[in-house]
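Residue strings, one per chain:
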Amino acid sequence: MHIRIIPVSLIVVTALSVSFAESPRGIPRDLARHRAAQISNVRYRLAFALSPQAATASGEEELRFDLKTWESVLLDFRDGRLLSASANGVALALKPENGHLELPMERLRPGENTISIRFAAAIAAAGKPLTRFEDHDDNSEYIYSLFVPMDASMAFPCFDQPDLKGRFTLDLTAPVSWTVISNTPIQSATPVGREQTRTRFAETPPIPTYLFAFAAGPFRQLSAAPGTPALYVRKSKFGRAQAEAPEVQQIAARGSQYLSSFFAAPFPFSKYDMVLIPGLAYGGMEHAGATFLREESVLFRAAPTHSDLLNRDILVLHELTHQWFGDLVTMRWFDDLWLKEGFAQYMAYQTLAALEPKENVWKRFYESIKPDAYAIDSTKGTTPIYQEIPNLEDAKSAYGAIVYSKAPAVLKQLAFVLGDDKFRDALRLYLKEHAYGNAEWNDLIQAFERISGKALDTWAEMWIRHRGMPQLDVSWSCQGNQLSELSLSQHDVLGSADVWPLAMQLGLNYTNREPVLMRVDLNTKALKVPDLNKTECPSFIFANEDDYAYGRFLLDPRSREVVVRELGETRDLFRRTLLWGSLWDSVRDSELAPRAYLALALRLLPAETDETLARSLVSHSATALHRYVSPTTRSEFVPQFEALSADRMSRSSGLDLRIVWFRGLGALAETSEGLGRLKEILNGRLSVPGVELRALDRWNLVTALLGHGDPEAGAIFTAEKQRDQTGDGQKYAYVAEAARPDSAIKRRYFEDFLHNPARPEDWIEQSLFAFNYWNQSELTAPYLKNALEALPHIKDDRKIFFLMNWLTAFIEGQQSSAADAEVHAYLDSSGIDDDLRLKILQAVDELDRTVAIRRQFSN
Ligand SMILES: [Zn+2]
């Protein structure tokens, strides 16, 4: 729960009723509520002039709105420069204060008002809502906007809150050779002198400021079949995009057809474009009618596996779903962020499952979604799905695994409880009733209740409003060959008295026949399953077959023993994946020795043919080796993992598995023999059969060699820089060098991370884990405290996900109890904002666990 110490709302209430004696900071909820009640019928007519290399864009705006009662109005505008303003034809002398412009009452009137403003907005490589990307491959330049959650007001004066939707008309003046893209189709293009074109876009339907966007530069459009979304890419990547990106257009076209019929609502905007943006801060951003996708998520820099391609499809479908969930119906405030993110995530999987029925999509959902959710939700820093956001300047903190991973997992549980048809019909009702408007979570819950006839208040209260998660324990016994007793009990992982409404599918598993599945609803602390008569004694019990329920499902000791022994014989891939997941949860909960997990992985991995399961086992093994076991145990296991990786990389029958093991070798190699293999791959003496390595594959190996301080790493790094002089190559060289075990380098990078405004944010973000290479905790420990102290500045200046990546990288670079104590001492010191405190508690959980596991299992 987030409580701010300064009673901002009091200041606003007083100010609104008289005049704005003092502008509030950010956009407090009360101000937003007040404006939403007073202001309507908002129309923005905006013109931006973009010039190559200019540090600002000059802007003109005509803003019209209806005012209900006569009073002064606050417009949001921070960071930009105001040049002139008038209200209803009369010039105004406005002074920006705390990110607002106060339109004085005496220049306004009830009914329609017209405000005209001239201004300038900054354009920079980082830290601004108008970002300039310099393409070092052909020295061309691109400019794009990214306003979510409240940065539109850094670019132009506006009502920067999601429930004051406006109709936008945009004019962009840009060099004639540039392509310009925005939310709507182009209406007209007029030459301005010989060098520039003024492009006008059609008026948008009502959309919130955070969904308004444009991109400009020498983009090229991929050709597409009629009815297929357009795809734009920078011109230096056009050739690659022609070869690799048409699948993205196809999945978007098929997805659009599926979603229109699933929601019984046609695509809500007049066209759909996707624009590939290099180094975009997010995987994608669902601007109405013009989604931006991170170029690297589509044009893979490392040789992709089948699973990587499906993850790309999930991304495309996620952003596409937002056109309905988020864009057509928008949450009223960012406390309901899950309404759009939870659904986009859930529906992306649901759509892929329908389009690609052979792909075992719900297994993928479990693998990609659940671990992230549980990892945060079992920490003391977790929050409810619904998060109070008293001020929009805190909206960034609402983003994270709780809305992106827990919310879709909880929706999957709800679909199981209600049935798929009722679930779908409720979504249809909700979209129909709130089209082009705003809604809150209880609107959705009411739709579910109306359609299903079920009361969901307890369900919603627990899953939406309460933080944390249940752990489910099973106990059972047999008499002779009969199951004689079976009980379930739940407790809250964080130790509260909460009881969670759970619905699950319990599996009684047998060695030589199919399991018996039982549907169980658990709405109490404990339950004794009745009617066991004649049930054969199972070999083990797993309580969350098919992964319908959300919670921690550990195996009871008797079942775990059997699973460890017989896991290799579990042929059902989804079940095998769930059991492996449960064993890993036992390791992280200090119940199963990491050594036992590693031994099991070594025994079963050679025969594991599923790409994503193999990938997760390799990654968990790396975590166990690098964090949980002693150096002696590590040196015992590492050569075996290296040998296995090298063998599987060369001899696995599937291409995807060979790629997984190639990456595994890069992550696990640390002996001189293992590192020697990485060098042989780089110099071409060793290959991954059938796989053409890409630039990032090579750079990852270079990073690993530098990270391990290999004696030849410096020369290899220099050679790779020589070999790859592309724009990407410059970024990856920067990333790789952060891994050098050299205190002068660490000092230089840390300074650069915090104080170099010209350094693109994604360069830094990608360097954080190399800087904190797992074996360099002694070198990086001195930066831990500084990294924590930089958090307020990072929260203000960086894009949404940066802060958590920063924290995770610096804290997880450490494994010792001393570092753990240092983070907790920092948490105990005064003056940390509550929101940051929760983020630190989330991030330190893994270090707490590492220390606990090391204490529990000394080897
Ligand atoms: Zn999203």
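Residues numbered from 1 in each chain as written. Predicted model: local features only at pLDDT ≥ 70, side-chain atom pairs only at ≥ 80, totals over all residues. Heavy atoms only, no water.

## Some words on the overall build of the protein chain
Next, step 1: Looking only at helices and strands, one finds 30 helices and 28 strands in the protein chain.
Next, step 2: For 859 residues, the compact-globule estimate of 2.2 N^0.38 gives 29 Å, and the C-alpha radius of gyration of the protein chain, at 28 Å, lies within 12% of that figure.
Next, step 3: Each of the three principal axes of the protein chain carries a C-alpha extent, and together these read 90 × 70 × 60 Å.
Next, step 4: Residues counted as buried form 61% of the 859 residues belonging to the protein chain.
Next, step 5: Long-range contacts, defined as pairs at least 24 residues apart, comprise 72% of the intrachain contacts of the protein chain with a sequence gap of at least 6.
Next, step 6: Per element, the accessible surface of the protein chain, about 32200 Å² overall, is 50% carbon and sulfur. (Helix = DSSP H or I, 4+ residues; strand = E, 2+ residues; numbered from the N terminus. Rg over C-alpha atoms; globule rule 2.2 N^0.38 Å. Buried < 20%, exposed > 50% of the residue type's maximum accessible area, 1.4 Å probe, protein only. Contact = heavy atoms within 4.5 Å. Areas by Shrake-Rupley, 256 points an atom, 1.4 Å probe, with all protein chains shown as cover.)

## Looking at the nonpolar core
Next, step 1: Ranked by size, the top nonpolar core spans 245 residues in total, and within it W338, L486 and W806 carry the most contacts.
Next, step 2: Per-element accounting of this core gives the leading share, 13 residues, to helix α9 (residues 401-418).
Next, step 3: Sequence-distant contacts of W806, defined by excluding residues within four places in its chain, comprise F750, F753, L754, L768, A787, A790, L791 and I794.
Next, step 4: By size, the runner-up hydrophobic cluster in this structure holds 48 residues, among which are F65, L92, L103 and A174. (Core = buried A, V, L, I, M, F, W, Y, C linked by side-chain atoms within 4.5 Å.)

## Things to note about the coordination of the zinc ion
Next, step 1: Only H318 (NE2), H322 (NE2) and E341 (OE) from the protein reach the zinc ion as donors, at distances of 2.0 to 2.1 Å.
Next, step 2: Site description for the zinc ion: donor spacing in sequence, H-x3-H-x18-E. Of the two residues, H322 is situated in helix α6 (residues 306-322) and E341 in helix α7 (residues 337-355); the sequence distance between them amounts to 19 residues. This pair shows no difference in class: H322 is buried, exactly as E341 is. (Donors = N, O, S within 2.8 Å, 3.2 Å for Na, K, Ca; no water.)

## Considering helix α21 (residues 713-723)
Next, step 1: All of the buried residues along α21 are A713, I716, F717 and E720. Buried residues of α21, seen end-on, are gathered within an arc of 100° and therefore sit on one face of the element. Away from its buried face by more than 90 degrees, α21 exposes A715 and Q722.
Next, step 2: Residues of α21 that are buried make contact with α19 (672-682), α20 (695-707) and α22 (727-737). (Arc of directions from axis to C-beta.)

## Things to note about the sheet that holds strand β4 (residues 81-87)
Next, step 1: If you trace the 8 strands from one edge of the open sheet to the other, you get β5-β4-β7-β2-β1-β10-β13-β12, paired in mixed fashion. Of all the strands in the sheet, just β5 (90-92) and β12 (186-192) have a single pairing partner and so form its edges. Sheet twist, expressed as the mean angle between neighbouring strand axes with direction ignored, is 15°.
Next, step 2: With 9 bridges joining them, strand β1 (residues 39-49) and strand β2 (residues 56-67) adopt antiparallel strand pairing. Of the residues in β2, the one forming a bridge with I39 is L67.
Next, step 3: Each of β1 and β2 touches helix α2 (residues 29-38); the most contacted strand, β1, lies at about 105° to it. (Pairing = 2+ DSSP bridges. Axes fitted to C-alpha atoms, helices over the stretch in contact; angles between N-to-C directions.)

## Things to note about the environment of L418
Next, step 1: Relative to the elements of secondary structure, L418 occurs in helix α9.
Next, step 2: With a relative accessible area of 9%, L418 lands in the buried category.
Next, step 3: Along the primary structure L418 and I451 are separated by 33 residues, whereas in three dimensions their C-alpha atoms are 9.5 Å apart.
Next, step 4: Leave out the neighbours within four places in its chain, and L418 touches F448, S452, K454 and L456.

## Here we look at the environment of Q725
Next, step 1: Residue position: Q725 is located in the loop between α21 and α22.
Next, step 2: Distance from Q725 to F343, taken between C-alpha atoms, is 41 Å for residues 382 residues apart in sequence.
Next, step 3: A polar atom in the side chain of Q725 sits 3.1 Å from the backbone oxygen of Q722. (Polar contact = N/O pair within 3.5 Å; in protein donor to acceptor, adjacent residues only side chain to side chain.)

## Observations regarding the pattern of salt bridges
Next, step 1: Counting across every chain of the model gives 71 salt bridges.
Next, step 2: Connected via shared salt-bridge partners are D135, D137, R234, K237, E295, R301 and D728. (Salt bridge = Lys/Arg side-chain N within 4 Å of Asp/Glu carboxyl O.)

## Points about the side chain of D762
Next, step 1: With respect to the helices and strands, D762 occurs in helix α24 (residues 761-771).
Next, step 2: For D762, the contacting residues outside a window of four places in its chain are G279, R294, E296 and K731.

## Focus on the confidence of the model for the protein chain
Next, step 1: When pLDDT is averaged along the protein chain, the result is 94, and 97% of the positions lie at 70 or above.
Next, step 2: Contacts for the low-pLDDT stretch residues 1-20, under 50 throughout, to residues beyond four places or in other chains number 28 contacts. (pLDDT = per-residue confidence, 0-100.)

## Looking at the packing of aromatic side chains
Next, step 1: Taken as a whole and assessed by the stated rule, the structure comprises 58 aromatic pairs.
Next, step 2: Look at Y44 and F156: their rings are 5.8 Å apart centre to centre, the planes differ by 80°, and that puts the pair in the edge-to-face class. Linking Y44 in strand β1 with F156 in the loop between α3 (152-155) and β10 (166-175), this pair joins segments that are 112 residues apart in sequence.
Next, step 3: Looking at Y44, the relative accessible area reads 1%, which means it is buried.
Next, step 4: With a relative accessible area of 0%, F156 lands in the buried category.
Next, step 5: Ring centres 5.8 Å apart and planes at 90° place the aromatic pair F750 and F810 in the edge-to-face group. One end of the pair, F750, is in helix α23 (residues 743-755); the other, F810, is in helix α28 (residues 802-812), and 60 residues separate them in sequence. (Phe/Tyr/Trp six-rings, centres within 6.5 Å; stacked < 30°, edge-to-face > 60°.)

## Quick notes on the packing of helix α16 (residues 611-628) against helix α18 (residues 655-668)
Next, step 1: Contact geometry of α16 with α18 gives a least axis separation of 9 Å together with a crossing angle of 10°. Here α18 runs roughly parallel to α16, going by the angle between their axes. The residues of α18 that touch α16, namely those facing E611, A614, R615, V618, A622, L625 and H626, are D656, L657, V660, W661, R663, G664, A667 and L668.
Next, step 2: Tallied by class, residues from the contact of α16 with α18 come to 9 nonpolar, 2 polar and 4 charged. (Parallel < 35°, antiparallel > 145°, perpendicular 65-115°, else oblique. Nonpolar A, V, L, I, M, F, W, Y, C, P; charged D, E, K, R; others polar.)

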